[in-house]
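What follows is the residue order along each chain.
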Amino acid sequence: MKKTLLLIIIPFHLFAQKFSTREIARYKLEASRVSIIRDNYGIPHVYGKTDADAVFGLLYAQCEDDFNRVEMNYIEKLGREAEVTGGKDIYNDLLIRLVIDSSDAIADFKKAPAWLQKLCYAFADGINYYLYKNPAKKPALLNHFQPWYPLLWTDGSIGAINTGDVSIGELKNFYSGENESVYVKEKEEEVVTGSNGFAFAPSITKSHHAILYINPHVTFYFRPEVQMASKEGLNAYGAVTWGQFFVYQGFNEYCGWMHTSSYTDVSDDYIEKISKRNNQLYYEYNHREKPVLHKKIIIRYKDGNSNKAKIIDALFTGHGPIMAKRNGEYLSVKSNNRDMKSLIQSWERTKTKSFAAYKKVMDLLANTSNNTVYGDAEGNIAYWHGNFIPKRDPKYDWSKPVDGTTSATEWKGLHTVNESVHIYNPPNGWIENCNSTPFTVAGKYSPKRDNYPKYMAPDGQNFRGINAVRILGQEKSYTLDKVIAKGYDTYLAAFEVLVPALIQAFEKDNSKDDSANAQLAEPINILRNWDYRCGENSIATTLAVNWGERLLPAIFHTKVVEDEEDDQVTKTRQFAATASPQELLRPFLATVRYLENNYDTWKIEWGNINRFQRISGASDQHYNDDSASLPVEFASSTWGMIPSYTSHTFQGTKKRYGVNGNSFICAVEFGEKIKAKSLLAGGESGNPNSHHFFDQGYMYTKGIFKEVLFYKEDVLKHAERVYHPGE
């Protein structure tokens, strides 16, 4: 018998209602219990009587700063982007709807503990009150936010959705019927971006207090800077992802947490053996046939001035949705992309008051996408690599699709925190993670690879990690300023490998009389004398980065061991050791000619073309060479840059503009009182008419930090505005 479940999402705006008198009265009562103080940088410090009051005020303040980003994040998590952006996002929406089921979020909300329901209601009320008080603000789609929305998105990470290695291209091919048997590997290998987290023990700080360095690398303006406090023990400061009600990366009076993206294996692809009989699909499991479940998913999308719908017959096995057909084999995906326990963990960590309490929160085992670097007022520093880690049979290669016909490949519960890769208070006094291997987090005191199954920590090394290990042990009396200085180290470690190979290739090349090679002599000499540090006035940085970008495809395709993926550092070293002279020289010649054609000379300083500009409040930023911009000395983390700044040119521009990298940066020292300094890319507000739209722009390009105002008496001294939501 064919099993069919019909999932129809009716656009809310078709029956959007005005806010009821009862709702408005509730909103006003909640607002009366909340005070928002905007400091001299526009940072909202939200004070409520209860935790729910603080959530209400936080979401109201977020909407004031950038409602569009708040709304778009939930449009995405509802799988409804195509209703706004058109048919190009149909399969993005399908992917979301396959792995995040709204009905599950609603069910979780209904059974959530009362305290969590209160926070969720406050979340919705804060946004809806903003819409009520600002009728001129026209939502793109969502006119009335629902309290179960936070259960769609329980992790604040920018990369929280995990589908193994199945790509959108494969998903589209399978469900559109277009070339369904072809494996489209869109992701050659993404450029290494990620984040940095450093922790310093009292033994190597001047004050003898622990210091934490918080340095996420994400798309610019992905998170604002906030403080939220209540009389129920909440007082958290840091970065919050637009539309979420918990501080994702930050600190309270007792401890701090920095998350870096993890490659811990949290989802798996299963090869399903599918057969068809009597017009019904079956999959094999333990020598028995089970019926494939069909779910009809309706994806609505915008087409010009009209709205259309695409009906998709989605297929599911016991492992999860079938998402691809690769090399003639059906692939299903088992994952955990939303979880009420994850939302509970995200909130409860912000209220922990000791190392023991933080470890208890970690025992929830629900953080699916993050590593954690930690420091506290007790003097502890710690690192956990992942958190939600399914137990698996280690005889299988979990980096590839596994046999779905046998229960031997099922997950066998979760690893405890003590079984996971972690380290507490290493003797060297420092911890680092740069989205890199956990087996170098504390230098020679790091966890040992042989003690853990491969799927627990498949992360390789990158050049940021190499640079961090190189520099953090150099200081024995850290202060906040010294920590920030390490966080702004400008050494590009990748070119320590690549440039000598280029110089050697040039010297070995037999065609030195060739006009092309003669053209390279002077730029080669520039790199020969370079110290591998980037700078605004550096011609070498311009040459190296533009040349390196031309090498990336070849580096990514380099194989050290056939049929295995190696890390960035191993591939780069292998490429540099084995590339022919022309594989290095031709891209360099192309770089010199590109610079001459584009800028009239190859002798162009990095800061002249590498710029920071913010002229639009749109989520999809626009750039213009004729508009004001600022020079930036930093480069992409791909090259080992710790303060990452990823930039590129756009249609109609010759200059490069930053899009990703350092976003919210903060150094915090724990002790009797919190001392902290922070910096935010551009500014707090998403409104170009606000003076807080780009008031941190120059500071950002120079690494000039502001003092964090953590205590209310200090906030009031620098208050620009004090108000209740809605005033």
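Computed from a predicted model, the values in this text were never measured in an experiment. (Residues numbered from 1 in each chain as written. Predicted model: local features only at pLDDT ≥ 70, side-chain atom pairs only at ≥ 80, totals over all residues. Heavy atoms only, no water.)

1. A look at the overall build of the protein
Counted only if it meets this: To qualify as a helix, a DSSP run of H or I must reach at least 4 residues; to qualify as a strand, a run of E must reach at least 2; elements of each kind are numbered from the N terminus. Note that the radius of gyration is over C-alpha atoms, with the globule rule given as 2.2 Å times the number of residues to the power 0.38. Summary of the burial criterion: residues with accessible area below 20% of their type's maximum are buried, those above 50% are exposed, and those between are partly exposed, where the area comes from a 1.4 Å probe applied to protein chains only. Throughout, a residue-residue contact means that at least one pair of heavy atoms, one from each residue, lies within 4.5 Å. Per-residue and other accessible areas follow the Shrake-Rupley method at a 1.4 Å probe size, with only the shown protein chains counted as cover for residues. We count Lys and Arg on the positive side and Asp and Glu on the negative side, and we leave His and both chain ends out. By convention, the point assigned to a charge is CZ for Arg, NZ for Lys, CD for Glu and CG for Asp.
For the protein, the helix and strand inventory stands at 19 helices and 31 strands. Relative to a compact globule of 727 residues, whose C-alpha radius of gyration would be 27 Å, the protein shows 26 Å and is just as compact. Overall, the protein is about 80 × 75 × 55 Å in size when its C-alpha atoms are taken along their principal axes. Per-residue burial over the protein gives 60% buried out of 727 residues. The contacts of the protein with a sequence gap of at least 6 include a subset with a gap of at least 24, amounting to 70%. Total accessible area on the protein stands at roughly 28,800 Å², and carbon and sulfur atoms take up 49% of it. Taking the average place of the 85 positive charges on the side chains of the protein and the average place of its 87 negative ones, the gap between the two points comes to 4 Å.

2. Structural notes on the packing of helix α2 (residues 51-77) against helix α6 (residues 114-133)
Rule in force here: Axis angles are defined between N-to-C directions and span 0 to 180 degrees, where every axis is a line fitted to C-alpha atoms and, for a helix, only to the segment in contact. Here the angle decides the label: under 35 degrees means roughly parallel, over 145 means roughly antiparallel, 65 to 115 means roughly perpendicular, and every other value means oblique. Crossing handedness is defined as follows: a turn of the near helix away from the far one that is anticlockwise and smaller than a right angle gives a left-handed crossing, while the clockwise case is right-handed. By the convention adopted, Pro, Cys, Tyr, Trp, Phe, Met, Ile, Leu, Val and Ala count as nonpolar, Lys, Arg, Asp and Glu as charged, and the other residues, Gly among them, as polar.
Taken N-terminus to C-terminus, the directions of α2 and α6 make an angle of 60 degrees; their axes are 7 Å apart at the nearest point. Taken together, α2 and α6 sit at an angle that is classed as oblique. Relative to α6, the crossing made by α2 is right-handed. Of the residues in α6, those touching α2 at Asp-51, Ala-52, Val-55, Phe-56, Leu-59, Tyr-60, Cys-63, Glu-64, Phe-67, Val-70 and Tyr-74 are Lys-118, Leu-119, Ala-122, Phe-123, Asp-125, Gly-126, Ile-127, Tyr-129, Tyr-130, Leu-131 and Lys-133. Of the residues belonging to the contact of α2 with α6, the class tally is 16 nonpolar, 1 polar and 5 charged.

3. Quick notes on the nonpolar core
Filter applied, for reference: The term nonpolar core refers to a set of buried residues drawn from Ala, Val, Leu, Ile, Met, Phe, Trp, Tyr and Cys, joined through side-chain atoms within 4.5 Å.
Counting residues in hydrophobic clusters, the biggest one holds 96 residues, and the most contacted among them are Leu-98, Phe-123, Tyr-175 and Phe-245. If one sorts the elements of this core by residue count, α2 sits on top with 13 residues. When sequence neighbours within four positions are dropped, the list of residues in contact with Phe-123 reads Val-55, Leu-59, Tyr-74, Phe-145, Gln-146, Tyr-149, Pro-150, Gly-243 and Phe-245.

4. With respect to the confidence of the model for the protein
Applicable threshold: Think of pLDDT as the predictor's per-residue confidence, scored from 0 to 100.
The predicted model of the protein has a mean per-residue pLDDT of 94, with 94% of residues at 70 or higher. Across residues 1-17, confidence stays below pLDDT 50; counting only partners more than four residues off in sequence or on other chains, it has 36 contacts.

5. Description of helix α12 (residues 495-508)
This is how it is decided: The length a helix should cover is 1.5 Å for every residue beyond the first.
Counted at 1.5 Å a residue, the expected span for α12 with its 14 residues is 20 Å, and the 19 Å between its end C-alpha atoms agrees. Within the span of α12, buried status applies to Phe-495, Val-497, Leu-498, Val-499, Ala-501, Leu-502, Ile-503, Ala-505 and Phe-506. Residues of α12 that are buried sit in contact with α10 (463-472), α13 (515-528), α14 (539-556), α15 (568-578) and α16 (581-599).

6. Points about the side chain of Glu-30
Definition in use: Should a side-chain nitrogen of Lys or Arg be within 4 Å of a carboxyl oxygen of Asp or Glu, the pair is scored as a salt bridge.
Here Glu-30 is to be found in helix α1 (residues 21-32). Buried charge without a partner: Glu-30 forms no salt bridge, and the closest opposite charge is Arg-26, 4.2 Å away. Not counting residues up to four positions away in its chain, the partners in contact with Glu-30 are Phe-56, Ala-122 and Asp-125.

7. A few points about the sheet that holds strand β12 (residues 274-277)
Rule in force here: At least two DSSP bridges between two strands are required for those strands to pair.
Spatial ordering of the open sheet is given by β12-β13-β14, a layout of 3 strands whose pairing is antiparallel. The open sheet has two edge strands with one neighbour each: β12 and β14 (288-291). For this sheet, the mean inter-axis angle between neighbouring strands, taken without regard to orientation, is 40 degrees. Judged from the 4 bridges that link them, β12 and strand β13 (residues 280-285) form a sheet pairing that is antiparallel. Following the sheet pairing, Arg-277 is matched in β13 by Gln-280.

8. Overview of helix α5 (residues 102-111)
The line we're drawing: Arc, as used here, means the arc of the directions from the helix axis to the C-beta atoms.
All of the buried residues along α5 are Ser-102, Ala-105, Asp-108 and Phe-109. Angularly, the buried residues of α5 cover 120 degrees about the axis, an arc narrow enough to put them on a single face. Residues of α5 that are exposed and point over 90 degrees away from its buried face: Lys-110 and Lys-111. Tucked into the core, α5 has its buried residues touching α6 and α8 (340-348).

9. Some remarks on the pattern of salt bridges
Enumeration over the complete set of coordinates arrives at 32 salt bridges. Between Glu-64 and Arg-721 there is a salt bridge, with its nearest N and O atoms 3.8 Å apart. Of the two residues, Glu-64 sits in helix α2 while Arg-721 sits in strand β31 (residues 719-723), which places them 657 residues apart along the sequence. Arg-721 gets classed as partly exposed once you look at its relative accessible area, which sits at 35%. Between Asp-481 and Lys-677 there is a salt bridge, with its nearest N and O atoms 2.7 Å apart. Taken together, the positions of Asp-481 in helix α11 (residues 480-487) and Lys-677 in strand β29 (residues 675-680) put the pair 196 residues apart, joining distant regions of the chain.

10. Some thoughts on the packing of α12 against α14
Angle between the axes and distance between the axes are the two parameters that describe a pair of packed helices. Two numbers describe how α12 lies on α14: the axes approach to 12 Å, and their chain directions differ by 95 degrees. The angle between the axes of α12 and α14 places the two elements in the roughly perpendicular class. From α12, Phe-495, Leu-498, Val-499 and Leu-502 reach across to α14, where they touch Ala-544, Val-545, Trp-547, Gly-548, Leu-551 and Ile-555. Of the residues assigned to the contact of α12 with α14, the class counts are 9 nonpolar, 1 polar and no charged.

11. Considering the sheet that holds strand β28 (residues 664-669)
One open sheet holds the 6 strands; their spatial order is β23-β4-β5-β28-β29-β30, and the pairing between them is antiparallel. If you trace the sheet from one side to the other, it starts and ends with β23 (430-433) and β30 (706-707), each paired once. Pairing analysis gives 2 bridges linking β29 to β30, with the strands arranged antiparallel. Bridge pairing in β30 places Ser-678 opposite Lys-706. Packing of α10 onto the sheet brings it into contact with β4 (196-200) and β23, and relative to β23 it is tilted by some 165 degrees.

12. Details of the pairing of strand β2 (residues 34-39)
Across the 6 residues that make up β2, a large majority, 5, are buried. As defined by bridge partners, β2 adjoins β31 across 4 bridges and the pair is classed as antiparallel. For Ile-37, the partnering residue across the bridge sits in β31 and is Val-722.

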